[in-house]
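# Overview (structure and organization)
Single-letter residue listing:
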Amino acid sequence: MPSYITVTALSHPGLLRDHNEDSLVVGPWTLCGTVTENPQTLVFPLGTPLVVAVADGIGGQPAGEVASALTVRQLASCGPSLDSEQAVRDALNLCNHAVYAAAGRDPELITMGTTVAGAVVLSESLLVFNVGDSRVLDATEHGLRQVSVDDSPPLAPGRRTTSLVTQALGGAPEFSAITPHVMTSPLSAGDRYLVCTDGLTDPVPEDALDDLLRAHDGGRAAFELWKSAIEAGGPDNITLALIGIGG
């Protein structure tokens, strides 16, 4: 039976961006627009709902870091009550309203927006959620399996990635409702999940991520994942959290 949860996380601006518009939440802790030089590992008992999520401020629009920070702080504050798919949907709708409300109060924040992706670890299951193109990947023994759903337009032939999103929290001049993706997965000891922004998955193909996760665990795995994005040019902010279910 699973009995504890480890979360190893880091956030870094990458090599091309002058600041970090990504944010991260792990339980009650948030990391907003900062740089972690080394992966940090936190351990939690299984039981109370534990939320782990990343938010990626939309580039090319103002104040992405404000939108992403607002979102993870909202999730941190309601995290322990996220005990069902509906509770997660309600929380994400709340985040969306909060981003639009903040943008409406300050002309400099108009059209700010963010993606969000993550998981809530319950005692016997995992609630996976996302809005936008940040991802949740299940590191199974048969390979990485994406369990979030990219909100992206169809890819042009020959293209592996796109920076466009079809829905986000905020991001438009007028309020726009969201349809969050939320699903439930069973939980067992030994499960590992990767929650990350597209600063990792755009430059590094999934099979390369899979190889690294097969070879490494914990802080070393997080470091090697980050390094792979940097070696691929580090074109965007990189934020990732590795969730491990301990027995």
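For the structure itself, look to the data block above.
Note that the coordinates shown come from a computational prediction; the quantities given were computed from them, not determined experimentally. (Residues numbered from 1 in each chain as written. Predicted model: local features only at pLDDT ≥ 70, side-chain atom pairs only at ≥ 80, totals over all residues. Heavy atoms only, no water.)

## Side note on the sheet that holds strand β10 (residues 143-146)
Strand order in the open sheet formed by six strands is β4-β1-β14-β13-β9-β10, with antiparallel pairing between adjacent strands. Every interior strand has two partners, whereas the edge strands, β4 (40-45) and β10, have only one. Within the sheet, the average angular offset between the axes of one strand and its neighbour, ignoring direction, is 20 degrees. Sheet topology note: the strand β9 (residues 135-140)/β10 ladder contains four bridges and is antiparallel. Across the sheet, Asp138 pairs through a bridge with Arg145, a residue of β10. Packed on one face of the sheet, helix α4 (residues 206-215) meets β9, β10, β13 (192-196) and β14 (238-246) and runs near 125 degrees to β10. (Pairing = 2+ DSSP bridges. Helix = DSSP H or I, 4+ residues; strand = E, 2+ residues; numbered from the N terminus. Axes fitted to C-alpha atoms, helices over the stretch in contact; angles between N-to-C directions. Contact = heavy atoms within 4.5 Å.)

## Considerations on the side chain of Thr197
Mapped onto the fold, Thr197 is located in the loop between β13 and α3 (198-201). For Thr197, the side chain forms a polar contact with the side chain of Asp22, separated by 3.1 Å. A distance of 3.5 Å separates a polar side-chain atom of Thr197 from the backbone oxygen of Asn237. Setting aside chain neighbours within four positions, we find Thr197 in contact with Asp22, Val54, Ala55, Asp56, Ser134, Asn237, Ile238 and Thr239. (Polar contact = N/O pair within 3.5 Å; in protein donor to acceptor, adjacent residues only side chain to side chain.)

## Remarks on the pattern of salt bridges
Applying the stated criterion across every chain yields a total of eight salt bridges. Among the ionic pairs, Asp150 bridges to Arg135, the shortest N-O distance being 2.5 Å. A residue pair is termed long-range when its members are at least 10 positions apart, and Asp150 in the loop between β10 and β11 (169-170) and Arg135 in strand β9 qualify at 15 residues. With a relative accessible area of 25%, Asp150 lands in the partly exposed category. For Arg135, a relative accessible area of 18% puts it in the buried group. The partner of Arg145 in a salt bridge is Asp138, with the nearest N and O atoms 3.3 Å apart. (Salt bridge = Lys/Arg side-chain N within 4 Å of Asp/Glu carboxyl O. Buried < 20%, exposed > 50% of the residue type's maximum accessible area, 1.4 Å probe, protein only.)

## Details of the packing of aromatic side chains
Evaluated as defined, the whole model comprises two aromatic pairs. Arranged with centres 5.6 Å apart and planes meeting at 45 degrees, the rings of Phe223 and Trp226 form a pair that is tilted. Note that Phe223 and Trp226 are positioned in helix α5 (residues 218-231) at a spacing of three residues, about one turn of the helix. The class of Phe223 is partly exposed, set by a relative accessible area of 30%. (Phe/Tyr/Trp six-rings, centres within 6.5 Å; stacked < 30°, edge-to-face > 60°.)

Everything listed here is a matter of geometry and, on its own, says nothing about what the molecule does.
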